[in-house]
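Survey of secondary and tertiary structure
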Amino acid sequence: MALLDIEVLGARILREEAAPVEAVDDDLRRLAGDMFDTMYHAEGIGLAGPQVGVSRRILVVDVKNDDESRHVHALVNPVVVEASREQDKASEGCLSIPGLEENVTRPVRVTVEALSLDGDPVRIEADGLLARALQHEVDHLDGVLFIDRLSPLKRGILLRKWRKNQRTAARG
Ligand code: NI
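These remarks concern the structure in this document. (Residues numbered from 1 in each chain as written. Predicted model: local features only at pLDDT ≥ 70, side-chain atom pairs only at ≥ 80, totals over all residues. Heavy atoms only, no water.)

With respect to the overall build of the chain
The number of helices and strands found in the chain is 3 helices and 7 strands. Reading the chain from its N end, one meets helices and strands in the order α-β-β-β-β-β-β-β-α-α. On C-alpha atoms alone, the chain measures out to a radius of gyration of 16 Å, which is about the 16 Å that the 2.2 N^0.38 rule sets for 172 residues. Judged by the C-alpha coordinates and their principal axes, the chain covers about 45 × 40 × 30 Å. (Helix = DSSP H or I, 4+ residues; strand = E, 2+ residues; numbered from the N terminus. Rg over C-alpha atoms; globule rule 2.2 N^0.38 Å.)

Focus: unusual backbone geometry
Although it is not a glycine, E68 sits at a positive phi angle of roughly 75°. With respect to the secondary-structure elements, E68 resides in the loop between β2 (58-64) and β3 (70-83). What makes E68 exposed here is its relative accessible area of 56%. Notably, N77 is not glycine yet its phi reads approximately 50°, a positive angle. Topologically, N77 is positioned in strand β3. (Buried < 20%, exposed > 50% of the residue type's maximum accessible area, 1.4 Å probe, protein only.)

Quick look at the pairing of β3
Put simply, side chains in a regular strand alternate between the two faces of the sheet. As defined by bridge partners, β2 adjoins β3 across 7 bridges and the pair is classed as antiparallel. Bridge pairing in β3 places K64 opposite R70. The turn linking β2 back onto β3 is made up of 5 residues, and E68 within it adopts a positive phi angle of 75°. For β3 and strand β6 (residues 110-115), the ladder comprises 5 bridges, and the chain directions are antiparallel. Following the sheet pairing, V79 is matched in β6 by E113. (Pairing = 2+ DSSP bridges.)

In structure tokens form, the structure reads like this:
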């Protein structure tokens, strides 16, 4: 097991489009294991490759949905193939933007296709928090952060708060 460093807002890799994974092999499975360890250690519910400095299309999630069902997935080359027209709004945070949360509007239900860590195709029909987490993590693979999904006004407020927190942290 290994804990990986988490990239934070300002890191260029968070803004890059991650490359498709070419081979599902032991190296990739090791990476996924380290990503789970890192996510649990940071008390997050999802983590994407670029957040640990790996610009490849892999994500992990461990989400308890509203009905208490638990969903643990490591997904390779995930694609959101369907999204409901219906949307809802809920609070999101991000391990790469620690200390900030804001309501984000997203489709309520999505279908995601990917490969498992065995290299088998998987199809996940998700709603609730799982749907939200999967969309958030797939966004990371495209260099998109949840703050990009906010109105310019709200994003501005959050970014000012972020810079203020950074200055405080640098002093403290
Ligand atoms: Ni995030």
